[in-house]
Amino acid sequence: MNKTVIKNIEEQLNRSIPPVPGKPKDINFPKFFETVTPSGITVLVIEDRKLPLVTARFVFRQGAYSDTSFGKQKAGLGSITAEMLTKGTSQRSAATIAEQTDFLGATLSTGADYDASYVSCYSLTKHFDEIFGIASDVLRNPVFSDEELQRVKEQRLNSLLSMIDDGDYLASRSYRQAVYGNNPYSFSVDGNSSSVASIEVGDLKKFYEKTYSPENLIVAFVGDVSPEEAVMRLESEFGNWHASFEELKAPEKPDMNSSAVVLTRKSGAVQSSLRIGHVCINRNDPDFIKVSLMNTILGGYFTSRINKNLREVNGFTYSARSALSSHRFGGDISVLTEVKTDITTATIREIMKEINILRESEPGDEELQNVKNFVSGNFPLQLETPNSIASKAINLKLFGLNNDYYNTYIRTVNELTKEDIRLTAEKFLHPDKLVFSIAGDVDNILDEVTEFGIPEIVEIN
Amino acid sequence: MKQRPAENIRTAIPSIEYLEHQLDNGLSVVMSRSKRIPSVAVNTTYHVGSKDEEPGKTGLAHLFEHLMFEGSPNVPKGKFDEILNNNGGDSNAYTTWDSTSYFICLPSSHLEIAFWLDSDRIAGFGITEEALRVQKDVVKEEKLMYVDNSPYGTVEDEGSKRLFANSAYGWPIIGNMDELEKTTIDDLKNFHNKYYTPSNAVISVVGDIDYDETIRMIEKYYGGISRGVDFKRNKVMPADVVSEQIADISDNVHLEGKFILYKIPESGSKEYYALNILSGILTEGDSSRLVKELEYDLELVNEIDTAVYGLEEAGVFAVSAIVLKGKSSDQVQKRIDSAIEDVKSGNISETELEKVRNRVETYFSSGRQSIVGLADKFSFLKTFHNDCGRINAEVMNYLNVTKEDIVMAANNFLNKDKRIVLNYMPKK
């Protein structure tokens, strides 16, 4: 059934021989401007004049990990504080902030993750001064009114209700609780229904005071702006900002808990959502690059062992991967997938098999070379836009990595040996400590999964 | 109706340069150079989607999207992505009602590898029974994950089967699973022979390339493939809905969902652009009409959105709302309806238009940064409009929309008696 060959060129072309590629061009992490202002703000500028767009990203080095420093029941506080910044200042009402931002065709967004709180503004160059002024207002003069807080809380409580419709979310939520135990990384950044209900204006004000201050701030300017313009703009809005700052106590590194099987009931589920893993390294751990490459081999790209096994050989799933989630003060490594309920156990057995093989035997020469080529070849795409460069530059500062880190990263990856990978797997993967979190049709898997441990059942109301 | 003269509106968005070429066998080539990073994106789009399937054999177009990675005459099963990853590259693909797109992204020094891999899958057929069996299972899991096990996951299927009833847009893109199960290797070969041909394809190459060298390589790998047999494409011709259809659907969700769908003209039509601007007025940004009124002022919804989908022969204007617990979804419906009626009566301010235009400019500027995104856009414009010039000109189609255009499009197409309303209710 092959199509008829119609041209001589086809006869000369031997398709069975792959072409020989050229030598990849060297790529270095772009240089960026960096300074610290007299008030203590770290400023980064990634200038790129190709498009008439400017972004300013404000990053405060405190996020959800510190929520529980403000009271045991305050999960979600950092995230709600960030959301409330745009809900009214001493100069502008929430409606005015929205109206002015939208009119400029600009974006003004706020949020928090585990390690930091963020405000970001983005517009065409011609509107940047105006949107930057609004960003400065929401950062410096938020009022945190109770009326607006009640609104935000009602929306958040509803969003949390909606999230539990999602199997992935449930599996991850139970997974984090079992893996991190009493550590603040066990909570969801968004909080939970009881913690959100308990948050009051006074809590927001405290979180704001301890977090939003110049010494705690990294600002990255990106795009159609020079370092001189950026620093001038920043100084004119923030030069006289002096807020007292006292760093909160960092959480302890989480302990490796013992193995557990947690089943979360999701009514009407036809698939099991699985997340299987345990505690792993912090982001600034010297072994990060090794563990990261090991994770890529396990489940970090399409030809990884987990995807090949579960999807391409067995047809168990549409999507399977492993993830190394490393934060400032804690981290974990896990395998994630979704499969039909009746192949839940078969899938877990395959995952265990792959984890054990990685610990017990070295990868082949070809596999190791492949993964190195993939990581190096894919790296330029992570530097495609000035904003993706900025994210990486911000991470250097947030995680305390040196400015040459990304160049070292690629070099280090290429120097790792087969033995390094096996030793890394042996050191950082612990099949006897795994938390097996499964969200789905609990009654139908309860008996089978006892082969991995005695299950604990989480009911969702 | 007065068209706003183009010279009144200027945009500072820089133009993108590109070059077009066509091979003797009909393969359309679009190239655009960008030296920002030493990478290149290759997008091959075949003008075949779920609407081209025969009734009773649905799901073939999407199944192909999987199988094209699963073996060709010189690249055995399992090797496509392995070779690509090994060369620092990555791939993906998607299927719509009208087309199937494949993309590869890799270091520019390795571009020839992409052409070798990609061309082998149309030069010949190499899909095995084993690959077919495994990918049927993978697709079934894909459907379970995105449709059956996902909150509000059935909206697209429930919506299109009603809005496009008795037409080829009416069945799910992923297909009916019982029909998919019956697919044979012969079905695949016939489909491949008919649709996976140079004359039915566009290849777009964007990134760190040399134009002459790229054409030389494309001629080398694709030039010898026969153009395929010309065929007459069946028209879908979806009929209008004759009266309002309301369906209550119970789902594993905690919050009620309301989804309102109207059939509108096809992608690229004057109405398509006008209704896109209307969508911006209604739900883009916290100050937009419906977000401000329903989410903020009245606190009726957790989410409200509008979207315009442009298909080859029709379009969809969709309103979706997730209702806050304890609030009335009838009330939500009333407010949405009165906002649309208000627009139809001519109530749109110049400020609202200006606001959406500013957004459009920001959006089009930032959309120029991704080589994968640009390659996809070029393939789309060439396939459906045969006009790559729209890459630079299309923004003006949005910026030139007038209040009168919106009022007319809304009056002609956003009518209660021709719409579908899906009410998603929490299971008891």
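Look up: the structure comes first, before these words.
Residues numbered from 1 in each chain as written. Chains lettered and ligands numbered in written order. Predicted model: local features only at pLDDT ≥ 70, side-chain atom pairs only at ≥ 80, totals over all residues. Heavy atoms only, no water.

Undergrad: Please provide a residue-by-residue account of the packing of helix α13 (residues 365–378) of chain A against helix α15 (residues 405–415) of chain A, values included.
TA: Residues and elements named next belong to chain A. Where α13 meets α15, the axes come as close as 9 Å, and the angle between the chain directions of the two elements is 170 degrees. Here α13 is positioned roughly antiparallel relative to α15, judged by the angle of their axes. Contacts between α13 and α15 involve Lys 372, Val 375 and Ser 376 from the former and Tyr 409, Ile 410, Val 413, Asn 414 and Glu 415 from the latter. A class-by-class count of the residues in the contact of α13 with α15 yields 4 nonpolar, 2 polar and 2 charged. (Axes fitted to C-alpha atoms, helices over the stretch in contact; angles between N-to-C directions. Helix = DSSP H or I, 4+ residues; strand = E, 2+ residues; numbered from the N terminus. Parallel < 35°, antiparallel > 145°, perpendicular 65-115°, else oblique. Contact = heavy atoms within 4.5 Å. Nonpolar A, V, L, I, M, F, W, Y, C, P; charged D, E, K, R; others polar.)

Undergrad: With reference to specific residues and values, describe the layout of surface pockets.
TA: If you add up the space inside the second largest pocket, you get close to 970 Å³. Lining the second largest pocket are 36 residues, and of these Glu 83, Thr 86 and Lys 87 of chain A together with Asp 286 and Glu 295 of chain B lie nearest its centre. Breaking the lining of the second largest pocket down by element, the ones donating at least two residues are α2 (77–84), α3 (94–103), β4 (107–112) and α5 (146–163) of chain A together with α10 (289–297) and β9 (301–310) of chain B. It is α5 of chain A that contributes the most residues to the lining of the second largest pocket, 7 residues altogether. For the lining of the second largest pocket, the residue count by class is 12 nonpolar, 12 polar and 12 charged. (1 Å grid on protein atoms, 1.4 Å probe; cavity = no way out; pocket = protein on both sides within 12 Å on 5 of 7 lines; lining within 4 Å. Points joined across faces, edges and corners; volume = space filled by probe spheres on them.)

Undergrad: Can you tell me about the pairing of strand β9 (residues 320–326) of chain A, naming the residues and giving the values?
TA: Residues and elements named next belong to chain A. With 6 of its 7 residues buried, β9 lies for the most part within the structure. Note: β9 against strand β10 (residues 331–340), 7 bridges, orientation antiparallel. Following the sheet pairing, Ala 323 is matched in β10 by Ser 334. Between the antiparallel neighbours β9 and β10 lie 4 residues. (Buried < 20%, exposed > 50% of the residue type's maximum accessible area, 1.4 Å probe, protein only. Pairing = 2+ DSSP bridges.)

Undergrad: Would you mind going over empty space enclosed by the protein in detail, with residue names and values included?
TA: As enumerated under the stated definition, the model contains 5 cavities of 30 Å³ or more in all. In this model, the largest cavity occupies a volume close to 100 Å³. Looking at the largest cavity, the residues that line it are Asp 48, Lys 50, Leu 51, Leu 53, Thr 55, Tyr 122, Val 222, Gly 223, Pro 386 and Asn 387 of chain A together with Arg 36 and Gln 369 of chain B. Of all the secondary-structure elements, those providing two or more residues to the lining of the largest cavity are β3 (53–60), β6 (217–223) and α14 (386–398) of chain A. Grouping the constituent residues of the lining of the largest cavity by class yields 5 nonpolar, 4 polar and 3 charged.

Undergrad: Which residues make up the environment of Gly 268 of chain A, and what values do they have?
TA: Along the polypeptide, Gly 268 of chain A turns up in the loop between β7 (260–265) and β8 (271–279). Sequence separation of Gly 268 of chain A and Arg 349 of chain A is 81 residues, and the distance between their C-alpha atoms is 25 Å. Ignoring anything within four residues of it in the chain, the contact list for Gly 268 of chain A reads Asn 149 and Asn 252 of chain B.

Undergrad: Quick one: what's the story with the nonpolar core, residue by residue and with numbers?
TA: In terms of nonpolar packing, the biggest core is built from 68 residues, with Leu 293, Ile 348, Ile 351, Leu 358, Tyr 405, Tyr 409 and Phe 436 of chain A touching the most fellow members. Per element, the largest residue contribution to this core is 7 residues, and it comes from helix α10 (residues 288–300) of chain A. Discounting residues that sit within four places of it in the chain, Tyr 405 of chain A has contacts with Arg 283, Phe 288, Ile 289 and Leu 396 of chain A. Residues Val 40, Ile 113, Ile 122 and Tyr 196 of chain B belong to the second largest nonpolar core, which totals 56 residues. (Core = buried A, V, L, I, M, F, W, Y, C linked by side-chain atoms within 4.5 Å.)

Undergrad: Give a detailed account of the sheet that holds β8 of chain A, specifying residues and quantitative values.
TA: All names here are of chain A. One open sheet accounts for 6 strands, arranged β9-β10-β8-β11-β7-β12; its pairing is mixed. Either end of the sheet is taken by a strand with one partner, and the two such strands are β9 and β12 (455–458). Recorded for the sheet is a direction-independent mean angle of 20 degrees between the axes of neighbouring strands. Two elements, β8 and β10, share 9 bridges in a ladder whose sense is antiparallel. Residue pairing in the sheet places Ser 273 in a bridge with Glu 338 of β10. The sheet strands contacting helix α12 (residues 344–360) are β8, β10 and β11 (435–440), and the helix crosses β8 at an angle near 30 degrees.

Undergrad: I'd like a rundown of helix α12 (residues 350–366) of chain B, residues and numbers included.
TA: With 17 residues, α12 of chain B should reach 24 Å at 1.5 Å per residue; the first-to-last C-alpha distance of 25 Å fits that figure. Of the positions making up α12 of chain B, those classed as buried are Glu 352, Leu 353, Lys 355, Val 356, Arg 357, Asn 358, Val 360, Glu 361, Thr 362, Phe 364 and Ser 365 of chain B. (Expected span 1.5 Å × (residues − 1).)

Undergrad: If you had to explain the pattern of salt bridges to someone new, which residues and values would you point to?
TA: On inspection of all chains with the given rule, the structure shows 66 salt bridges over all chains. Asp 287 of chain A serves as the salt-bridge partner of Lys 427 of chain A, at 3.3 Å between the closest nitrogen and oxygen. Here Lys 427 of chain A, found in helix α16 (residues 418–428), pairs with Asp 287 of chain A, found in the loop between β8 and α10; they are 140 residues apart in sequence, far enough to count as distant. For Asp 287 of chain A, a relative accessible area of 17% corresponds to the buried category. The closest approach of N and O atoms between Glu 158 of chain B and Arg 162 of chain B, which form a salt bridge, is 2.8 Å. In this pair, Glu 158 of chain B and Arg 162 of chain B both sit in helix α5 (residues 155–163), 4 residues apart, roughly one turn of the helix. Looking at Glu 158 of chain B, the relative accessible area reads 16%, which means it is buried. Linked through salt bridges whose partners overlap, the residues forming this network are Glu 47, Arg 49, Asp 224 and Glu 229 of chain A. (Salt bridge = Lys/Arg side-chain N within 4 Å of Asp/Glu carboxyl O.)

Function-wise, these values are silent; they only describe arrangement.
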